[in-house]
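Per-entry structural report
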Amino acid sequence: MLSAPLRGVVERLALSDEETLAIFELDALAAIAGEVEHRPEVEILDVLTAEAAERLGEGLARWVRAGPPAARPLDLLLSGDFGAFEDALGARLAELE
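Model, not experiment: these values are computed from the prediction.

**With respect to the overall build of the chain**
Along the backbone of the chain there are 7 helices and 0 strands. Across the chain, helices and strands are ordered from the amino to the carboxyl terminus as α-α-α-α-α-α-α. In terms of overall dimensions, the chain has a C-alpha envelope of 40 × 25 × 20 Å along the principal axes. A burial count over the chain gives 40% of its 97 residues as buried. Restricting to contacts in the chain with at least 6 residues of sequence separation, those with at least 24 account for 60%. Carbon and sulfur atoms make up 55% of the accessible area of the chain, which totals about 5400 Å². Computing the positive centroid from 8 side-chain charges and the negative centroid from 20, the chain places the two 7 Å apart.

Right, dumping it as structure tokens:
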């Protein structure tokens, strides 16, 4: 069972197990045990994606995988560029205004 913040991010973004482990540089046992406190990105992404999910609903998971290979928001996460992901998410939400 994943920790609550990590589980929230995984569910909202529809991440696979492999994607989750790669993004947060975790091994499977650490993820299951909820040992993610050394990754502050988990808490930050939990808050960001919760807010975005309120506005985008299931479209959030589709948006994460949208775009050409190597230019998708998911690719930003996989490369560890959390700041760029936050910027891209902010831009997507701004489009809705």
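Let's pick the thread back up.
**Notes on the side chain of Asp46**
Within the secondary structure, Asp46 is located in helix H4 (residues 40–56). There is a polar contact of 2.3 Å between the side chain of Asp46 and the side chain of Arg12.

**What to know about the environment of Ala88**
By secondary structure assignment, the location of Ala88 is in helix H7 (residues 82–95). Since its relative accessible area comes to 23%, Ala88 is described here as partly exposed. Taking C-alpha positions, Ala88 is 19 Å from Phe24, a pair spaced 64 residues apart along the chain. With near-sequence residues (within four places) excluded, Ala88 lies in contact with Trp63 and Leu76.

**A few points about the pattern of salt bridges**
Applying the stated criterion to the full structure yields 7 salt bridges. A salt bridge links Arg72 to Asp75; the shortest N-O distance between them is 2.9 Å. Accessibility expressed as a relative area gives 22% for Arg72, which makes it partly exposed. Overall, the relative accessible area of 15% leaves Asp75 in the buried class. The network of salt bridges with common partners includes Glu25, Arg39 and Glu41.

**Section: the side chain of Arg39**
Take Arg39: it is sitting in the loop between helix H3 (28–33) and H4. Given a relative accessible area of 11%, Arg39 falls into the buried group. Polar contacts involving the side chain of Arg39 include one to the side chain of Glu25, which spans 2.9 Å. In contact with Arg39, other than residues within four places in its own chain, are Ile23, Phe24, Glu25, Leu26 and Phe82.

Rules and cut-offs
Within each chain, residue numbers correspond to sequence positions counted from 1 in written order. Only residues with pLDDT of at least 70 are given local features in this predicted model, and only at 80 or more are side-chain atom pairs given and counted; all residues enter the totals for whole chains, interfaces and linings. Here the side-chain values reflect all heavy atoms present in the structure, with hydrogen atoms and water set aside. Each helix corresponds to a stretch of at least 4 residues labelled H or I by DSSP, and each strand to a stretch of at least 2 residues labelled E; elements are numbered beginning at the N terminus. We call a residue buried when its accessible area falls under 20% of the maximum for its residue type, exposed when it is over 50%, and partly exposed in between, using a 1.4 Å probe and counting protein chains only. Whether two residues touch is decided by their heavy atoms; if any such pair falls within 4.5 Å, the residues are in contact. Where accessible areas are quoted, they stem from the Shrake-Rupley method and a 1.4 Å probe; at the residue level, only the protein chains shown are allowed to cover. None of His or the chain ends enter the tally, which takes Lys and Arg as positive and Asp and Glu as negative. Lys charges are placed at NZ, Arg charges at CZ, Asp charges at CG and Glu charges at CD. Contacts described as polar in this section are N or O atom pairs within 3.5 Å, which, within protein, must combine one atom able to donate a hydrogen with one able to accept it, while residues neighboring in sequence count only if both atoms come from side chains. The term salt bridge refers to a pairing of a side-chain nitrogen on Lys or Arg with a carboxyl oxygen on Asp or Glu at a separation within 4 Å.

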